Amino acid sequence: MLSIRKSINKRMAKEMGHTSTKGCTTYEFFNSVKERISKDWLKPDHFTTQFLSGHGSFKSYLFERGLSEDPDCKCGAEQSNKHILFECTEVDEIRRPLKQKVMSAGHAWPCELSVMVLDEGLFRELGAFARKYLEKEQSDPTEQI
Ligand SMILES: [Zn+2]
């Protein structure tokens, strides 16, 4: 896991130097690389990394890179990491535990992205959501490119 942490730290440092990059939301999760490193329980995996960076299996991201024919979600809105996290009605069901966790911790919904990494419990719930969503997407035959 150490190498994954090192690589996301490296990637974040790089992205923070290029905050104009469209679709980059890592900066909204963490105010600084120092803050990121101070959270030693925070172990991004294949799934959370996609939501934290905005770089992943999201159609607007894939579309910008010529990897998808359209940037829109099944629901018709532009599909980004934030759309999936907060808006998409297609994932209401799998989002429910995350939404409940955030609200029971005393935050509004939709929340600031930084709320998702405030503590280990919130991050774990984000992780569970990210995994469920991305595994579902990857197993859906209508989504094959
Ligand atoms: Zn949608």
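Residues numbered from 1 in each chain as written. Predicted model: local features only at pLDDT ≥ 70, side-chain atom pairs only at ≥ 80, totals over all residues.

In the annotation of an unreviewed UniProt entry, the entry for the protein reads Reverse transcriptase zinc-binding domain-containing protein, and the organism field reads Trichomalopsis sarcophagae.

**Student:** Could you give an account of the overall build of the protein, with specific residues and numbers?
**Tutor:** Each helix and strand counted, the protein has eight helices and zero strands in total. The buried share among the 145 residues of the protein stands at 28%. Relative to all contacts within the protein whose residues are 6 or more apart in sequence, the contacts with residues 24 or more apart total 51%. (Helix = DSSP H or I, 4+ residues; strand = E, 2+ residues; numbered from the N terminus. Buried ≥ 20, exposed ≤ 12 C-beta atoms within 10 Å, placed from the backbone. Contact = placed C-beta atoms within 7 Å.)

**Student:** Outline the environment of lysine 59, listing residues and values.
**Tutor:** Structurally, lysine 59 can be placed in helix H5 (residues 59-64). For the pair lysine 59 and aspartate 70, spaced eleven residues apart in the sequence, the C-alpha separation amounts to 6.9 Å. The residues touching lysine 59, leaving out its near neighbours within four places in the chain, are Ser68, Asp70, Pro71, Asp72, Cys73 and Gln79.

**Student:** How would you explain the packing of helix H7 (residues 92-104) against helix H8 (residues 120-139) if you had to name every residue and give the values?
**Tutor:** Where H7 meets H8, the axes come as close as 9 Å, and the angle between the chain directions of the two elements is 170°. With respect to H8, the element H7 is oriented roughly antiparallel. In the packing of H7 onto H8, the handedness of the crossing is left-handed. Here Ile94, Arg95, Pro97, Leu98, Lys101 and Val102 of H7 lie close against H8, whose contacting residues are Gly121, Leu122, Glu125, Leu126, Ala128, Phe129, Lys132 and Tyr133. (Axes fitted to C-alpha atoms, helices over the stretch in contact; angles between N-to-C directions. Parallel < 35°, antiparallel > 145°, perpendicular 65-115°, else oblique. Left-handed = near helix turned anticlockwise from the far one by under 90°.)

**Student:** Tell me about unusual backbone geometry, and please be specific about residues and values.
**Tutor:** A cis amide bond links tryptophan 109 to the next residue, proline 110, at an omega of 0°. Relative to the helices and strands, proline 110 resides in the loop between H7 and H8.

**Student:** Would you mind going over the environment of alanine 128 in detail, with residue names and values included?
**Tutor:** Looking at the secondary structure, you find alanine 128 in helix H8. Residues alanine 128 and proline 97 lie 31 residues apart in sequence; the distance between their C-alpha atoms is 9.0 Å.

**Student:** Which residues make up the nonpolar core, and what values do they have?
**Tutor:** Within the largest apolar cluster, 21 residues are counted, with the highest numbers of intra-cluster contacts made by Phe29, Met116, Val117, Leu126 and Ala130. Broken down by secondary-structure element, the contributors of at least two residues to this core are helix H4 (46-53), helix H6 (81-87), H7 and H8. Ranked by the residues each element gives to this core, the list is headed by H8, at five residues. Setting aside residues no more than four positions away along its own chain, phenylalanine 29 makes contact with Leu52, Leu113, Ser114, Met116 and Val117. (Core = buried A, V, L, I, M, F, W, Y, C linked by C-beta atoms within 7 Å.)

**Student:** Can you explain H8? Please cite residues and give values.
**Tutor:** Note: α-helices contain 3.6 residues per turn, so residues at a spacing of three or four share the same orientation. Relative to the 28 Å expected for 20 residues at 1.5 Å per residue, H8 spans 28 Å between its end C-alpha atoms, a close match to the ideal helical length. Among the residues of H8, Phe123, Leu126, Phe129, Ala130 and Tyr133 are the ones counted as buried. Within H8, the buried residues cover an arc of 120° as seen down the axis, which keeps them to one side. Away from the buried face of H8 by more than 90 degrees, exposed residues Gly121, Glu135 and Ser139 are located. (Expected span 1.5 Å × (residues − 1). Arc of directions from axis to C-beta.)

**Student:** Can you explain the confidence of the model for the protein? Please cite residues and give values.
**Tutor:** Overall, the prediction assigns the protein a mean pLDDT of 83, with 76% of residues at 70 or greater. Here helix H1 (residues 2-16) is the element of the protein with the lowest mean pLDDT, 58, and H7 is the one with the highest, 97. Taken as a whole, residues 16-23 scores under 50 in pLDDT and shows twelve contacts with residues more than four places along the chain or in a different chain. (pLDDT = per-residue confidence, 0-100.)

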